[in-house]
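# Coordinates in review
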Amino acid sequence: MKKIALYAFSLAALSACSKNDDKPQPTPEQDKQSLEVQVYNTLTWSVDKPAGSPATNATVKLFKTKAAFNSSTAAYTQTTDANGKASFASIDTGQYFIVATSTDGNNLLGAKQVNGVYVGYIADSLYQTTAEIASSPVNKYAAPGNFRLEDLNGDGMISGDDVTELPAQSIHIAAKSSNTKRILIGKVDNRPIGFTSKTQVAAALQSSVTSLNNFHEVQVTLDAVYTDDAACGSMGPDWCSIDAYTGMTAANSTALLLWKNGYQIISQLNQVINYTNAVSDMQAAEKELAIAQAKGVKAYVYFQLMSYFGNVPMQNDLALPTNVNRPATDDLRTYIDTMLTAAASKLGSNTDIISAVACKAIQAKLALQAEDFVNAKAYSSAVIANTAYMLVDTPLIFTQTGNKELLWNTSNTLTSSWVKSVFTRGTFLPELRLTEMYLINAEANLHVGTMSDAVTSLNKVRQREKLAALANTISADNFRAELMTAWKRNMRTEGNRLPSLKRWDMDVQVLTPLGYDKHHDLLPIPISILETYPNLYQNVGY
């Protein structure tokens, strides 16, 4: 019996050994592969939160192949904790495609299914500043806090040609490794459709003014180098090719920069115009003021874009629709003028963003450009009659902040090296000042036949220059010559030389020796814009 029992015990032991040999041995804890995925919600982006906030309760799935993703077959699934972290303590080696989703968004940007396969954009970073946007591929959703979508085909613009098979983010897990991965979730356009407080409205307006400074400096520098106001000097080959007109093509980066910056500001302002009325903690008067300020600034941007590109498309939402058309020039002028009239009627004496006087000054410029001399006279006369403003000594205009010559000045410093190269008359450069209103008034009076009023206005500027007064008996031709030289002397490198030469039919005569051709009176519509918006058409000659 003892032998039988011993045999049975030995057989059982042998059997147990055989089974253990066939079974995978437990992996020591230190030999396991782990992954920690840190997820950020980009919809909460701010300057002090460059990736947004940690995304809690987000679902993170790991797929071994893209085919597995398309069939919704995840290898592992976890949920992020209060710190936005999803921890996978023990996973197999190999490559994994990562998908993170929550009620706020996901990392499947622009995802759509094509022939059973999901495609979308690649992005793993956000725009932080408008300057960063200016140097990036064209993207109609470009805004601080939005995703920097990758330009996969390298054509300088983000379009449907830049999508690829999803998921876009992946990680390789090596044996016995501890791994971390950052994932950003959100939407293709993270900008909130509306506002939740008047603080957000004020921030949006201030952001648009900050962006306007860059736009203004690009416009002024381009106008100066493009005309006889300034030479490119040591600014580099890009600017010198513009100076010689050889580089002004549909692929020109500076023309694209002016266009992009302008429409970026318009998008910001449209948000204020369209959604401020829904803000609960603002009084009716506060809402009216914010919307008026946005309309005034938007009208100014449109005036400048029209001055250099012609009849640019009108945008009333956060982005231009892809089927947008170029309007008739008169329709665009009416669009701008209507915004300015509406803005001026609500601004009153408030000058925080833009004033009613500044709106009337833009209307004077708009009317003069349209050769509507009656209205150019009326608007410029209204500005001149405002006793809050007066001509000051020339050295003070661009060095003394808050001086009475300034009708609109959004920055007390020059920021870009470009504008510093061409504007050397002071430490800041206003958008609008009173001298220009006197010159507009003189020119408008000349054309409507009130010569004495024309002489009076021009003599006010000449008096400041310590030049002899012109007599009322001066001929119209001689007065016109004096007026044109006064524009050149007083408004040099302030961003109005090309529009003035065109208005006087002097652009060919003055600029042809520099390489100018008549088709250069408008900048080319950037080729990347034409590709994005196929209903737009190119300006003649490009």
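Predicted model, so just to flag it, every value in this text is computed and none were measured.

Rules used throughout
- Residues numbered from 1 in each chain as written.
- Predicted model: local features only at pLDDT ≥ 70, side-chain atom pairs only at ≥ 80, totals over all residues.
- Heavy atoms only, no water.
- Helix = DSSP H or I, 4+ residues; strand = E, 2+ residues; numbered from the N terminus.
- Rg over C-alpha atoms; globule rule 2.2 N^0.38 Å.
- Buried < 20%, exposed > 50% of the residue type's maximum accessible area, 1.4 Å probe, protein only.
- Contact = heavy atoms within 4.5 Å.
- Areas by Shrake-Rupley, 256 points an atom, 1.4 Å probe, with all protein chains shown as cover.
- Lys, Arg positive; Asp, Glu negative; His and termini not counted.
- Charge placed at Lys NZ, Arg CZ, Asp CG, Glu CD.
- Disulfide = S-S within 2.5 Å.
- Phe/Tyr/Trp six-rings, centres within 6.5 Å; stacked < 30°, edge-to-face > 60°.
- Lys NZ or Arg CZ within 6 Å of the ring centre and 35° of its normal.
- pLDDT = per-residue confidence, 0-100.

### With respect to the overall build of the protein
A count of helical and extended segments in the protein gives 18 helices and 14 strands. A compact globule built from 542 residues would reach a C-alpha radius of gyration of about 24 Å, whereas the protein, at 32 Å, exceeds it by more than 25%. Dimensions along the principal axes, computed over C-alpha positions, put the protein at roughly 145 × 55 × 40 Å. Counting every position in the protein, which comprises 542 residues, the buried fraction comes to 50%. Counting only contacts in the protein whose residues sit at least 6 apart along the sequence, the fraction spanning at least 24 positions is 67%. Within the structure as shown, the protein displays about 24200 Å² of accessible surface, and the carbon and sulfur contribution to it stands at 52%. If you average the places of the 45 positive and of the 49 negative side-chain charges in the protein, the two averages end up 6 Å apart.

### Examining the state of the cysteines
Disulfides are covalent bonds that link the sulfur atoms of two cysteine residues. Applying the stated criterion across every chain, the model contains one disulfide. Each disulfide pairs two cysteine sulfurs, and for Cys232 the partner residue is Cys240, the sulfurs being separated by 2.0 Å. Since a negative S-S torsion denotes a left-handed disulfide, the Cys232-Cys240 link at about 95° is right-handed. Accessibility expressed as a relative area gives 10% for Cys232, which makes it buried. Judged by relative accessible area, which is 23%, Cys240 ranks as partly exposed.

### Some points on the packing of aromatic side chains
Following the criterion strictly, the structure yields 13 aromatic pairs and no others. On the numbers, 5.1 Å between centres and 80° between planes, the contact of Phe398 with Phe423 is edge-to-face. One end of the pair, Phe398, is in the loop between helix H11 (394-397) and strand S13 (406-408); the other, Phe423, is in the loop between helix H12 (417-422) and strand S14 (432-433), and 25 residues separate them in sequence. Here Phe398 and Phe423 have matching classes, each one buried. An aromatic cluster of three or more residues is present, and its members are Trp259, Tyr263, Tyr302, Phe309 and Tyr335. Over the face of the ring belonging to Tyr537 we find Arg326, whose NZ or CZ atom lies 4.6 Å from the ring centre. Above the face of the Trp487 ring, Arg503 is positioned so that its terminal group lies 5.2 Å from the ring centre.

### Observations regarding the side chain of Thr254
Along the polypeptide, Thr254 turns up in helix H6 (residues 253-275). Its relative accessible area of 9% is what places Thr254 among the buried residues. If sequence neighbours within four positions are ignored, Thr254 has contacts with Val218, Leu222, Trp239 and Ile242.

### Description of the confidence of the model for the protein
Scored by pLDDT, the protein comes out at a mean of 92, with 94% of its residues at no less than 70. Within the model, the stretch residues 1-27 combines pLDDT values under 50 with two contacts to residues more than four positions away or in other chains.

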